[in-house]
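Remarks on the overall topology
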Amino acid sequence: EGKSEVAVAMAQALAAAGKSVLLIDANLRHPALHRLTQSANTTGLLTRLTTDRPAEESRGAEQFGELIQKTAHGISLVAAGGQVTKANELLEKEGTRRLIQSLRHKSDAVIIDSPAAANHPDARILADSVDEILHVARIGKTSRQKHRRVIRALAKSQADIVGVLLTHGRKTKPAPKPQPQKEENPS
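Throughout this description, residue numbers start from 1 for each chain and increase along the sequence as written. Side-chain atom pairs in this predicted model are given and counted only at pLDDT of 80 or more, local residue features only at pLDDT of at least 70, and totals for whole chains, interfaces and linings cover all residues. Each side-chain value is worked out from all heavy atoms of the structure, with water and hydrogens disregarded.

**Here we look at the overall build of the protein**
Rule in force here: Each helix is a run of H or I in the DSSP string that is no shorter than four residues. Each strand is a run of E no shorter than two, and both are numbered from the N terminus. The cut-offs for exposure are 20% and 50% of the maximum accessible area for each residue type, with area from a 1.4 Å probe on protein chains only; residues under the lower value are buried, those over the upper are exposed, and the others partly exposed. The criterion used for residue contact is that any of the two residues' heavy atoms lie within 4.5 Å.
Scanning the protein for helices and strands turns up 7 helices and 6 strands. Starting at the N terminus and ending at the C terminus, the protein contains elements arranged as α-β-α-α-β-β-α-α-β-α-β-α-β. Taking all 187 residues of the protein together, 44% fall into the buried category. Sequence-distant contacts, at least 24 apart, represent 76% of the contacts inside the protein between residues at least 6 apart.

Here you go:
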């Protein structure tokens, strides 16, 4: 789909506009943000979700030092910290929601990358932890009917769907420049 690339591009644009931005790689099945931002993937969201840290998420932002990496362009990153196949089981835990809520106070904007909503429940689970959703879809990869089902499912969350971004469209030639009209001489 290009979801991860879109997330990084949005983060870069916000950072260039002077906003503090935190990227969270919640795609625990196939993490990519660490690669795209040239960062480590040794610790991160998975590290925190698989360790038992009761109520630590509510103590303030200082305990996130080991999770948050600074990347190029002034973007902060919480990498996935590994890879698992049953990510939805971890993301459904109440601790995940508390962790995301705590991390939201670290930046002006938080962008969360997740697996494709058409293929996994992870995005729908995370939807209740965010304010807005931008659904990124690759043209020709998933049917319109499946995308409609995804949008309906995401709409049931508390978040607002702010748009759908279609990626990997075919390239077209630019429209020809309009030519100046010749004035006719009446004779």
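**Description of unusual backbone geometry**
Notably, Q38 is not glycine yet its phi reads approximately 55°, a positive angle. Looking at the element boundaries, Q38 is found in the loop between α2 (33-36) and α3 (45-49). Residue classification places Q38 among the exposed positions, given a relative accessible area of 77%.

**A few points about the pairing of strand β3 (residues 75-78)**
The cut-off we apply is this: One bridge is not enough; two strands pair if DSSP finds at least two bridges between them.
Every second residue of β3 is oriented toward a common face, with I75 and L77 on one face and S76 and V78 on the other, all of them buried. The pairing of strand β1 (residues 21-25) with β3 spans 4 bridges and is classified as parallel. Note that in β3 the partner of L23 across the bridge is L77. Relative to β3, strand β2 (residues 68-70) runs antiparallel, the two being bridged by 3 bridges. Bridged to I68 within β3 is V78. The turn joining β2 and β3, which pair antiparallel and follow one another in sequence, is formed by 4 residues; a positive phi near 65° is taken by H73.

**Thoughts on the nonpolar core**
Put simply, the test is: Here, nonpolar core means buried Ala, Val, Leu, Ile, Met, Phe, Trp, Tyr and Cys residues that are tied together by side-chain atoms lying within 4.5 Å of each other.
Grouped together as the largest cluster of nonpolar side chains are 19 residues, with contacts concentrated most on L28, L45, L49, L91, L99 and L103. Of all hydrophobic cores here, the second largest spans 11 residues; its members include A11, V21, L23 and L77.

**A few points about a nonpolar patch on the surface**
Quick note on the threshold: Patch criteria: residues need more than 30% relative accessible area and no salt bridge. Like-charged residues are merged within 9 Å; nonpolar side chains of Val, Leu, Ile, Met, Phe, Trp and Tyr are merged within 5 Å. The Shrake-Rupley method, run with a 1.4 Å probe sphere, supplies the accessible areas, and residue values consider only the shown protein chains as cover. Any Lys or Arg side-chain nitrogen located within 4 Å of an Asp or Glu carboxyl oxygen qualifies as a salt bridge.
On the surface, M10, L134, V162 and L165 cluster together into a nonpolar patch covering about 300 Å² of accessible area. Tracing the backbone through its elements, the reader meets V162 in strand β6 (residues 160-167). Using a relative accessible area of 52% as the deciding quantity, one classes V162 as exposed.

**Things to note about a positive patch on the surface**
We apply this condition: In this charge count, Lys and Arg are treated as positive and Asp and Glu as negative; neither His nor the chain ends contribute. Where a charge sits is defined by one atom per residue type, namely NZ (Lys), CZ (Arg), CG (Asp) or CD (Glu).
A cluster of basic residues, R144, R148, R149, R152 and K156, forms a positive patch on the protein surface. With respect to the helices, strands and loops of the structure, K156 is situated in the loop between α7 (144-155) and β6.

**Overview of the pattern of salt bridges**
Applying the stated criterion to the full structure yields 2 salt bridges. Between R29 and D122 there is a salt bridge, with the nearest N and O atoms lying 3.0 Å from each other. Residue R29 is found in the loop between β1 and α2, and its partner D122 is found in helix α6 (residues 122-126); the two are separated by 93 residues along the sequence. Summarising the burial analysis for this pair, R29 and D122 share the class buried. Of the charged contacts, one joins D131 and R104 as a salt bridge, the two residues approaching to 2.4 Å between their closest N and O atoms. Of the two residues, D131 is situated in the loop between α6 and β5 (132-138) and R104 in helix α5 (residues 94-104); the sequence distance between them amounts to 27 residues. Judged by relative accessible area, which is 24%, R104 ranks as partly exposed.

**Digging into the sheet that holds β1**
Inclusion rule: Axis lines are fitted to C-alpha atoms, over the contacting stretch for helices. Their N-to-C directions set the angle, which ranges from 0 to 180 degrees.
Read across the open sheet, the 4 strands follow the order β2-β3-β1-β4; overall the sheet is mixed. In this open sheet, the two edge strands, each paired with only one partner strand, are β2 and β4 (109-113). Within the sheet, the average angular offset between the axes of one strand and its neighbour, ignoring direction, is 25°. Of the strands in this sheet, β1, β3 and β4 touch helix α1 (residues 3-16), which is tilted by about 170° from β4. Contacts from α5 reach β1, β2, β3 and β4, with the element oriented near 145° to β4.

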